[in-house]
Amino acid sequence: MIDEENLNQTIFEYADEKYGEQSKILFQKYIDEFPEKDLEMPNETWHNNFLAWLLFEKVLPETGMTIAEEFVENTTDLSPEMKEKVLQIKYIIRSKFLVISKKGLILKVKDMKTKDVYNVKLCSTHPVSPNTLITGRIHPFGEYYRFAGVFQMSISPLILDPDVLFGAHEKNELKRFESILLRRSSSLQTILNKYPHHWIDWMCKDYGLNERLKKEKVREIKHKIVNDLPQIVSNLPEKSKEVLVFCIKQGGVVKYGQLKNYDDDMDFFWNDKNTPSTIGLLRQKGLMIVGKMVFGERQFKVAFIPIEIRDCLKSLFFTQM
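Residues numbered from 1 in each chain as written. Predicted model: local features only at pLDDT ≥ 70, side-chain atom pairs only at ≥ 80, totals over all residues. Heavy atoms only, no water.

Observations regarding the packing of aromatic side chains
How we decide: Aromatic rings from Phe, Tyr and Trp, with only the six-membered ring used for Trp, were paired whenever their centres fell within 6.5 Å, and each pair was classed as stacked if the ring planes differed by under 30 degrees, edge-to-face if by over 60, and tilted otherwise. Working definition: helices are DSSP H or I runs of at least four residues, strands are E runs of at least two. Numbering for both runs from the N terminus. To sort residues, take the accessible area from a 1.4 Å probe on protein chains only and compare it with the maximum for the residue type: under 20% means buried, over 50% means exposed, and anything in between is partly exposed.
For the coordinates displayed, the defined rule picks out 12 aromatic pairs. Summarising the aromatic geometry, the rings of F27 and W46 are spaced 6.1 Å apart at their centres and angled 70° between planes, so their arrangement reads as edge-to-face. Here the residue F27 occupies a position in helix α2 (residues 23-30), and W46 occupies one in helix α3 (residues 43-56), the gap between them amounting to 19 residues. Seen in terms of ring centroids, F34 and W53 are 5.7 Å apart; in terms of plane orientation they differ by 50°. Their pairing is tilted. Of this pair, F34 sits in the loop between α2 and α3 while W53 sits in helix α3, and the two are 19 residues apart along the sequence. Residue classification places F34 among the buried positions, given a relative accessible area of 1%.

Shown next, in the form of structure tokens:
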């Protein structure tokens, strides 16, 4: 099955098989249309970017499609999800992007032309930091954006963008609430009482609760989660369910580093809609808490499943297996 890891290589192989003998003709025919043709880049980088443009953006007059779109139409070994992602790639955004914040593989960047903000997922770890100015291309790819090419990167102390400063503040606040000290017997209600008001208000809105006081809101959120857990879990993406299963198998508490392969993008100021992040969604739903716990003589960052829902989760997941 074609997945995110081998997608580009598979498309390149398709293009080479069908258009390989015409590569020189295609290059000569369309080079003047390539938007980055006059940029100074190393030869290999320039040719890789031209090839990406030819595959994913250039509509060939003969087919009325890009080569990537043609690939989707002619390939049966693609899931509906992957087909949709491939078809999104042609919606390229070219600009200078300012890195506002970074968490794991997720960059929050601002288009310096339009001031729009995008969550961009890196394919691998990279030492990029807030206040980095990136000249390049991004495109939608599922719930996140991806880089389609990076032409220049620089860090300028002269860019004191308010969004960068706000991003730093947001990161510090999130870190503070991820340092809540947890015990193995900590109850959901006790933990929610330590949450900031706007998280509790968001959860009430998400669960359709209308209580006025924070204490009442926390109580009703707990009742909602405990009483409606099967329905809440059934509506989760498969990846989020995987995380719950993994944590329950470990006794309900895992060191956070054990979840490094799952998206954990999380803002301090929650938007109106659910986060696309695998772990972030569980946190917004109150099904997972991130905090600190003592192991031996040291504190570790952990993912904690509330004790009130562990037995029900065991029944839901392990009676179905």
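Quick look at the nonpolar core
For clarity, the cut-off: Note on terminology: a nonpolar core comprises buried Ala, Val, Leu, Ile, Met, Phe, Trp, Tyr and Cys residues joined through side-chain atoms within 4.5 Å. Note on definitions: a residue-residue contact is assigned when non-hydrogen atoms from the two residues lie within 4.5 Å.
Counting residues in hydrophobic clusters, the biggest one holds 50 residues, and the most contacted among them are Y195, L259, L287, M288 and L313. A total of 6 residues in this core trace back to one element, the largest contributor, which is helix α8 (residues 197-207). Not counting the four nearest positions on each side in its chain, M288 is found in contact with Y195, V243, C247, L259, I279, L282, R283, A303, F304, I305 and P306. Formed by 28 residues, the second largest nonpolar core is a distinct cluster that contains L55, F56, F71 and M82.

Section: helix α1 (residues 7-19)
Applied cut-off: Expected helix span is given by 1.5 Å per residue-to-residue step, counting one fewer step than there are residues. Note that the arc is defined by the directions from the helix axis to the C-beta atoms.
When the terminal C-alpha atoms of α1 are compared, their 18 Å separation across 13 residues agrees well with the 18 Å that a helix rising 1.5 Å per residue should span. Of all the residues in α1, the buried ones are L7, I11, Y14, A15 and Y19. The arc that holds the buried residues of α1, viewed along the axis, is 95°, so those residues lie on one side. Exposed and facing more than 90 degrees away from the buried side of α1 are D16 and E17.

Comments concerning the side chain of E70
Along the chain, the position of E70 falls in helix α4 (residues 67-74). Residue E70 is classed as buried on the basis of its relative accessible area of 2%. Excluding residues within four positions of it along the chain, E70 makes contact with Y14, K18, Y19, T63 and M65.

Some points on the pairing of strand β7 (residues 289-295)
Under the convention used in this document: Only strands that DSSP links by at least two bridges are regarded as paired with each other.
The sheet contact formed by β7 and strand β8 (residues 298-304) spans 7 bridges and is antiparallel. Among the inter-strand pairings, V290 is bridged to a residue of β8, identified as A303. Following β7, the chain reverses through 2 residues before pairing antiparallel with β8; G296 in that reversal takes a positive phi of roughly 70°.

Some words on the sheet that holds strand β6 (residues 253-255)
Filter applied, for reference: In this description, a line fitted to the C-alpha atoms serves as the axis of each element, helices being fitted only across the stretch in contact, and the angle between N-to-C directions of two axes falls anywhere from 0 to 180 degrees.
If you trace the 3 strands from one edge of the open sheet to the other, you get β6-β8-β7, paired in antiparallel fashion. With partners counted over all chains shown, the strands left at the sheet margins are β6 and β7, one partner each. Adjacent strand axes in the sheet meet at a mean angle of 45° when their direction is disregarded. Of the pairings in the sheet, the one linking β6 to β8 comprises 3 bridges and is antiparallel in character. Looking at the pairing, V254 lines up with A303 of β8.

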